[in-house]
Amino acid sequence: MCGIVGHVGPLNSINPAGAPGSGRSLEVLLDGLSRLEYRGYDSAGIALVRPDDGERLTVVKAAGKLDNLRAALDEAGPAPATAGIGHTRWATHGGPTTENAHPHRAGTLAVVHNGIIENFRALRAEVEEAGRTLLSATDTEVVAHLLDLDFSARLAAGEAGTVGPDAAAALLVESMRAVTDRLEGTFALLAVTELAPGAIIAARRSSPLVIGLGEGENFLGSDVAAFVAFTTHAAEVDDDQVLLLTADAVTVWDAAGNVVTPNTWEVSWDASAAVKGGYETFMDKEIHDQPTAVADTLLGRVNDRGELVLDEMRIDPAVLRSIDKIIVVACGTAAYAGHVAKYAIEHWCRIPVEIELAHEFRYRDPIVSEKTLTVAISQSGETMDTIHAVRHAREQGSRALAIVNTYGSTIAREADAVLYTHAGPEVAVASTKAFISQITACYLLGLYLAQLRGNKWPDEVADYLENLGKMPAKIERLLAEQEDMVRELGEQLADQTSFLFLGRHVGYPVALEGALKLKEVAYVHAEGFAAGELKHGPIALVEEGLPVFVIVPTPRRPVLHDKVISNIQEVRARGARTIVIAEEGDEAVTPFADTVIRIPAAPTLMWPLLTVVPLQIFAAALAKARGLDVDQPRNLAKSVTVE
Ligand code: F6R
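What counts and what doesn't
- Residues numbered from 1 in each chain as written.
- Predicted model: local features only at pLDDT ≥ 70, side-chain atom pairs only at ≥ 80, totals over all residues.
- Heavy atoms only, no water.
- Pairing = 2+ DSSP bridges.
- Helix = DSSP H or I, 4+ residues; strand = E, 2+ residues; numbered from the N terminus.
- Axes fitted to C-alpha atoms, helices over the stretch in contact; angles between N-to-C directions.
- Buried < 20%, exposed > 50% of the residue type's maximum accessible area, 1.4 Å probe, protein only.
- Arc of directions from axis to C-beta.
- Contact = heavy atoms within 4.5 Å.
- Core = buried A, V, L, I, M, F, W, Y, C linked by side-chain atoms within 4.5 Å.
- Near = heavy atom within 4 Å.
- Polar contact = N/O pair within 3.5 Å; in protein donor to acceptor, adjacent residues only side chain to side chain.
- Areas by Shrake-Rupley, 256 points an atom, 1.4 Å probe, with all protein chains shown as cover.
- 1 Å grid on protein atoms, 1.4 Å probe; cavity = no way out; pocket = protein on both sides within 12 Å on 5 of 7 lines; lining within 4 Å.
- Sits in = over half its atoms within 2 Å of the grid points.
- Nonpolar A, V, L, I, M, F, W, Y, C, P; charged D, E, K, R; others polar.

### Overview of the sheet that holds strand E17 (residues 353–357)
Okay, step 1: Read across the sheet, five strands follow the order E17-E16-E18-E19-E20 without closing on themselves; strand pairing throughout is parallel. Looking at which strands have only one partner, the edges of the open sheet turn out to be E17 and strand E20 (417–420). Each adjacent strand pair in this sheet contributes to an overall mean axis angle of 20°, direction not counted.
Okay, step 2: As paired elements, strand E16 (residues 325–330) and E17 share five bridges and run parallel to each other. What sits directly across from isoleucine 327, in E17, is glutamate 354.

### Some points on helix H2 (residues 66–76)
Okay, step 1: Among all positions of H2, only Leu66, Leu69 and Leu73 are buried. Angular distribution of buried residues about the axis of H2 spans 55°; they occupy a single face of the element. Structural note: H2 exposes Asp67, Asp74 and Glu75 on the side pointing more than 90 degrees away from its buried face.
Okay, step 2: At its buried positions, H2 is contacted by helix H1 (25–36), strand E2 (43–49) and strand E3 (57–63).

### A closer look at the nonpolar core
Okay, step 1: The biggest cluster of nonpolar side chains holds 125 residues, and the ones touching the most others in it are Leu69, Ile326, Phe499 and Leu518.
Okay, step 2: With 13 residues, helix H13 (residues 433–453) is the single largest residue contributor to this core.
Okay, step 3: For isoleucine 326, the residues in contact, after removing those within four places along its chain, are Ile345, Ile351, Pro352, Val353, Glu354, Leu373, Val375 and Leu449.

### Overview of the site of the ligand
Okay, step 1: For the ligand, the set of nearby residues contains 14 residues, the closest of which are Ser378, Gln379, Ser380, Thr383 and Glu520.
Okay, step 2: Interatomic distance of 2.6 Å between a backbone N/O atom of glutamine 379 and an oxygen atom of the ligand.
Okay, step 3: Within the backbone of serine 431, one N or O atom sits 2.8 Å away from an oxygen atom of the ligand.
Okay, step 4: The protein chains hide 90% of the 400 Å² of surface that the ligand would expose on its own.
Okay, step 5: If you map the ligand onto the pockets, it falls in the largest pocket.
Okay, step 6: Only helix H9 (332–349) and helix H16 (507–522) provide two or more residues apiece to the shell around the ligand.
Okay, step 7: No other element matches H9, which puts three residues into the shell around the ligand.
Okay, step 8: The residue inventory of the shell around the ligand, partitioned by class, reads four nonpolar, eight polar and two charged.

In structure tokens:
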């Protein structure tokens, strides 16, 4: 939650004929913030520094979305800067006001922060006792003052007025170390000071932060989206590291104060992957990205001998053969992907799979051993609850496998192995293509384990892979044939106040996901149920005209199919308006359906890759018909980096 971005260019940059990257901190920050806005959009702000006489540190901020900051900047008209930091906020301490927006200023410096400082009350009292007046309710402003108090003391200890920019930057590095040592909680902190206009000083603990390495300029961001328009060369930041960025150098110190060389990588996303590409919203675009997301997640997984290979699987095969239980830890949509995985992995591998919401996991003393494989599923790789679940599982001796979309993210780095989903950047807050690619990666994991443990013959694994390979084209066809009809349905039902979603077997997690999508983007009450559970209570909700979505399994699995047909009849008999998602050619549903959405045939276990798509389209259409911003729903943020 919250997005932060930093840029530092050359000091001669104020000269219009300056070096590349010159004076463009403002442009870089605004571009980065627009790409990070999905992480929080309660308020936004920037701090710019420049070496000239006159105003050397400018802070501009505004409550509300980034456009409000743009308007404030138009009014303030700041001069070109050599360095800057920016922030887009999801409020934790203090409401979403301009006063609480970052950056927070203290003395000669300004600070942006993502995370939560847990001991901020005691620190606030200390800062106030030192004579500082705080203007906001945030924990971050306390950190800004702590930094400035420490920094001022170090400056005063030197000879007054003789500290040059390099020495000032070095002193601020020391202050950052001293202050962050005292902080409890999580943080990615960036600071600039007017005394060192060519530098950004940063630190990180358990909140995301990555470095972008440019030519004669350098960048920082909560994730690579912050700078991908300017450089694709990125470097990792580990916990408790402190950094000094100048235009041509990045210095990283570890917790012990040693200079270390960060791991670097090339970002494979290009900037165009994070723009709407002609669609009205990111959610629309990402729904349409899904065939490619599945295809890319499957890419390069089969060797010359037709075997499934997972190169990233760094866990010893002997260990994988010995596991007797899998626990999936995840939150929200990612947990529903894990729920689908349970059906597939148990069926293919005969290993029990438990699904655990990551935030419940470590508090209930779960039974975890060296024979447990913990699978953490996360689009962002930064969900704090999931990070803690991974840490807890590893402390109990379990190996952790991460299924993650964001390269270099915390979960990816802390897990024993990573299976990357290749969905590309997901910008809309509501997850769509990440869900589908997480399910795809789970299938790969299940088939890999089945192959390794001998539960399936090679030709059986090859058959499943062949079927998976056909899914992108089927999603494509489904979009082409059903999208308009489903959109119209969403518009027609825009005034409804309640919806039910029913499914059995793998249709059950899809029902949960359909309900979640509608809740989060359209703010409508929606519930997902296992269809068989209806009679045990929820059927009391059914009344005349209530729209009920039912996901019907293929008629080729009559045991499941016929039971769901009975469930449709039960709700219809009580006046429900039934919207049925059924396989092409399944005429048994027709007499009981007010609307039928037709889906191409696919193996039962792979059905979620198709059936969820109309539910995503429906939620987006209904929300738009209500005049809502589907990409940035109220109260939410893309990456939940607080517990
Ligand atoms: C819903 C949604 C959330 C996330 C959840 C986990 O559309 O996006 O429920 O799935 O917050 O996020 P990640 O996958 O980043 O760990």
